[in-house]
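As a plain string of letters, each chain reads:
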Amino acid sequence: MLATIRRTATEDRLPEATPWRRCSACKKPIALGAVYWACNVSTCNQKRTALCFCSVSCWEVHLPGANHRESWAVEKRAPTTPDGGAEATPPASTGTGGVRRLVRTVGPASPTAAEKVPHEVLIVASRLKEYVRARVGYNTSDRVLEPLSDIVRRVVDEAIENARRDGRMTVLDRDLPDH
Ligand SMILES: [Zn+2]
Ligand SMILES: [Zn+2]
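Cut-offs and rules
Residues numbered from 1 in each chain as written. Chains lettered and ligands numbered in written order. Predicted model: local features only at pLDDT ≥ 70, side-chain atom pairs only at ≥ 80, totals over all residues. Heavy atoms only, no water. Donors = N, O, S within 2.8 Å, 3.2 Å for Na, K, Ca; no water. Buried < 20%, exposed > 50% of the residue type's maximum accessible area, 1.4 Å probe, protein only. Helix = DSSP H or I, 4+ residues; strand = E, 2+ residues; numbered from the N terminus. Expected span 1.5 Å × (residues − 1). Tetrahedral: all angles 85-135°; square planar, octahedral: opposite > 155°, others 65-115°. Salt bridge = Lys/Arg side-chain N within 4 Å of Asp/Glu carboxyl O.

Observations regarding the coordination of the zinc ion (ligand 2)
Alright, step 1. For the zinc ion (ligand 2), the full set of protein donor atoms is Cys39 (SG), Cys44 (SG), His62 (NE2) and His68 (NE2), at a range of 2.0 to 2.3 Å.
Alright, step 2. Cys39 sits in the buried class, given a relative accessible area of 2%.
Alright, step 3. The exposure class of His62 is buried, given its relative accessible area of 14%.

Quick look at the structure:
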């Protein structure tokens, strides 16, 4: 009985109908105290233009125009009072306490973004030449550098895929495929 009264009192104080903001994508109201999604990228969280989304799929809507290198949706909770400001929960700095990171990376791994990744030589030419000279005394053509960089890229791409499967955003040595 007591519990029922208490719950009713809470509902009176926080009417669900009062919207906090509207979803930046679909314009659906986000209620006070409701869970919403923000973008991890700082330019999407500037005071005047802070984006908020009612769902992760709405967060994905802003990605094509945003041109983020790496991004993910961050679960947040709207303030419980209209003047509570945008920071009812502390920013994701702690990584704990109810702020959930949804790692849905959009970046170099998607085919369209991969085309924008610079296609550069990744090999230190002088070191490579030293190595070949030390081993067998041969010279090394500079034309080796580009295809060799492609091999490094292929191996690293595989490692990126392994890190992603683990839900990590850091490529570790153990992600590298065995050769
Ligand atoms: Zn929405
Ligand atoms: Zn964003």
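A short note on helix H5 (residues 125–136)
Alright, step 1. For H5, which comprises 12 residues, the first-to-last C-alpha distance of 17 Å matches the rise-based estimate of 16 Å (1.5 Å per residue) to within 8%.
Alright, step 2. Phi for Gly137, located one or two positions after H5, is positive at around 75°.

What about the coordination of the zinc ion (ligand 1)?
Alright, step 1. The protein atoms that coordinate the zinc ion (ligand 1) are Cys23 (SG), Cys26 (SG), Cys54 (SG) and Cys58 (SG), at distances spanning 2.3 Å.
Alright, step 2. Viewed at the metal, the four donor atoms of the zinc ion (ligand 1) are separated by angles of 105 to 118°, and the geometry they form is tetrahedral.
Alright, step 3. All donors of the zinc ion (ligand 1) come from a single chain, and their spacing in sequence reads C-x2-C-x27-C-x3-C. Pair noted here: Cys23 is in the loop between strand E1 (19–22) and strand E2 (29–31) and Cys54 is in the loop between strand E3 (35–39) and helix H2 (56–61), with a separation of 31 residues, a long-range link.

Concerning the pattern of salt bridges
Alright, step 1. Enumeration according to the criterion identifies six salt bridges in this entry.
Alright, step 2. For Arg168, the salt bridge is made with Asp166, and the minimal N-O distance between the two is 2.7 Å.
Alright, step 3. One salt bridge connects Asp166 with Arg174, and the closest N-O pair in it is separated by 3.7 Å.
Alright, step 4. Shared partners join several salt bridges into a network, and the residues in it are Asp166, Arg168, Arg174 and Asp175.

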